[in-house]
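One-letter residues, chain by chain:
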Amino acid sequence: MWLKNLNIWDGESDELIAANAIKIDHNEIAAITDSSVQVEEDEQVHDLQGLYCIPGLIDAHVHMCLNPVLKDPLEQDKPNDAVIISEMTERAEQMLAAGITTARDLGGGNWLELELRDQINCGEVIGTRLICSGQPITSVGGHCYFWGGEATDATDALGVIKRQISHGVDLIKVMATGGTITKGSTPSNAQFDADVLKTIVDEATANDFHVAAHCHGTAGIKNATVAGVKTIEHCSWVNEDGWGRGYDAEVVEQMRAKDIVVSPTINAGWKRYIGSKQFESLVKGNYTKMREAGIKLIASTDAGIPNVFHHDLPKAIPVFAHFAGLSNAGALRAATSDCAEAIGLAAVVGKVAVGLEADLVFYKENPLNDLEVLARPVKVMSRGRLIDVAD
Ligand SMILES: [Zn+2]
């Protein structure tokens, strides 16, 4: 199949590239060239009449099993598994229609999102490509303990990892600090010391898995950095003086030296904080300092937490660009090629490049000029299958 007369952004450049035609062979990008190319008579050709084409968007932090309408996490498990799976399936379809062709699921309790992942991979369900962590490792009664990944020490943590591997996870998630949605857990407090986290990272690495660490407080960010996790989620720099007040340049330098990537989980609702003194100086200030220190920031929303819908990443990216101080091209890289690299999928998705999966999104206007365009895709291609999503 040929897609012709496109404007192509490849996932890396600052501008559109010169080529304007893409050949799709089954699920892969087979060639990127000029629309004047001669095609075989029996080949299907789509004239896309100047649409703008970019790599499919990637959300580095979602929870497929969470219903964003429910405020209390303990209410989440009440429906039976069949109902939860059907809700998750609908979410995966909505995400794909929004142009989110890949997402990293960072936690659930019953591995149902892994079932969905497998149904999508075998084509039974047409939805967002998923990689999943299963149950996050957490302290006893700690952040999201209700998902079943509690561990008192390193030995327990190894047991939790073993259980996740037996269920077929793609990576390991650890709650290095407390969080906001769990009663009795405190975001500023570290839940494990650096030694326990190091044991977790070593065991994960030995099994070829990345570790994503949930970190709000500075102490936990430091422990996760020393342990050498792959991504730090949230990275809120909370200390005893408050949210965003514990920035530590030395820790950031260690993060940079270890190529640790930060996933700030900025959702579309943060739009209301634009102009707020505290958010501009502390939140934007911290992310800007990290970025200027050489830390890669990737797009993520924590979809599934209250009021953060799974298909909202396209609306979150302009807000993320604001708080991370990124150019339009920089924000788009953070949601495509940089994100793919950080979550271990650089050889699969994230760019318009020969040999990668044909996961693409199409718009009438150029998102490099205006990130708000991302909320209005007209077509999505997932694994070589072209889907119309709007007129
Ligand atoms: Zn989360």
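Keep in mind the model is a prediction, meaning the values are calculated, not measured. (Residues numbered from 1 in each chain as written. Predicted model: local features only at pLDDT ≥ 70, side-chain atom pairs only at ≥ 80, totals over all residues.)

Q: Is there a simple way to think about the environment of Thr102 in this case?
A: For Thr102, the location among the structural elements is in strand E8 (residues 100-105). When the C-alpha atoms of Thr102 and Cys339 are compared, they prove to be 9.9 Å apart, with 237 residues separating the residues in sequence. Those residues in contact with Thr102 that lie beyond four places of it in its chain are Gly56, Ile58, Thr128, Arg129, Leu345, Val349 and Asp359. (Helix = DSSP H or I, 4+ residues; strand = E, 2+ residues; numbered from the N terminus. Contact = placed C-beta atoms within 7 Å.)

Q: I tried to follow the sheet that holds strand E16 (residues 385-388) on my own but got confused; where do I start?
A: Strand-to-strand pairing in sheets goes through backbone hydrogen bonds, with the strands running parallel or antiparallel. With mixed pairing, 5 strands are arranged side by side in an open sheet as E2-E6-E14-E15-E16. The open sheet has two edge strands, strand E2 (7-8) and E16, and neither has a second partner. One ladder, built from 2 bridges, connects E2 with strand E6 (residues 52-55); its direction is parallel. Counted as the bridge partner of Ile8 is Cys53 from E6. (Pairing = 2+ DSSP bridges.)

Q: Whenever I open this one, the nonpolar core confuses me. Can you help?
A: Side chains that are nonpolar tend, in soluble globular proteins, to be buried together. If you look at the biggest cluster of nonpolar residues, it comprises 122 residues, and the most contacted ones within it are Ile200, Val211, Ala299, Ile317, Phe320, Ala335 and Cys339. Split by domain, the residues of this core number at least three in each of domain 1 (2-55 + 351-388) and domain 2 (57-342). The contact partners of Ile317, leaving out residues within four places of it in the chain, are Ala299, Ala331, Ala335, Leu371 and Leu374. (Core = buried A, V, L, I, M, F, W, Y, C linked by C-beta atoms within 7 Å. Buried ≥ 20, exposed ≤ 12 C-beta atoms within 10 Å, placed from the backbone. Domains from an automatic or database assignment.)

Q: So what exactly am I meant to see when it comes to the domain arrangement of the chain here?
A: Many analyses report the size of an interface as the accessible area lost when the parts associate. Per the domain assignment, the segments making up the chain are domain 1 (2-55 + 351-388) and domain 2 (57-342). Computed over C-alpha atoms only, the centres of domain 1 and domain 2 are separated by 29 Å. Each side of the interface is counted separately: domain 1 has 18 residues, and domain 2 has 20 residues. Elements that contribute at least two residues to the side of domain 1 that touches domain 2 include exactly E6 and strand E15 (377-382). Among the elements that line the side of domain 1 that touches domain 2, the one with the most residues is E15, at 3 residues. Grouping the constituent residues of the side of domain 1 that touches domain 2 by class yields 11 nonpolar, 2 polar and 5 charged. (Nonpolar A, V, L, I, M, F, W, Y, C, P; charged D, E, K, R; others polar.)

Q: In this structure, what is going on with helix H4 (residues 194-206)? I would like to understand it.
A: Since there are 3.6 residues in each turn of an α-helix, residues three or four apart along the chain are aligned in direction. In a regular helix each residue adds 1.5 Å, so 13 residues correspond to 18 Å; H4 covers 18 Å between its end C-alpha atoms and thus fits that length. Those residues of H4 not exposed but buried are Val196, Leu197, Ile200, Val201 and Ala204. Each buried residue of H4 sits inside an arc of 140° when the element is viewed along its axis, so together they form one side. Count one or two residues on from H4 and you reach Asp208, which has phi positive near 70°. (Expected span 1.5 Å × (residues − 1). Arc of directions from axis to C-beta.)

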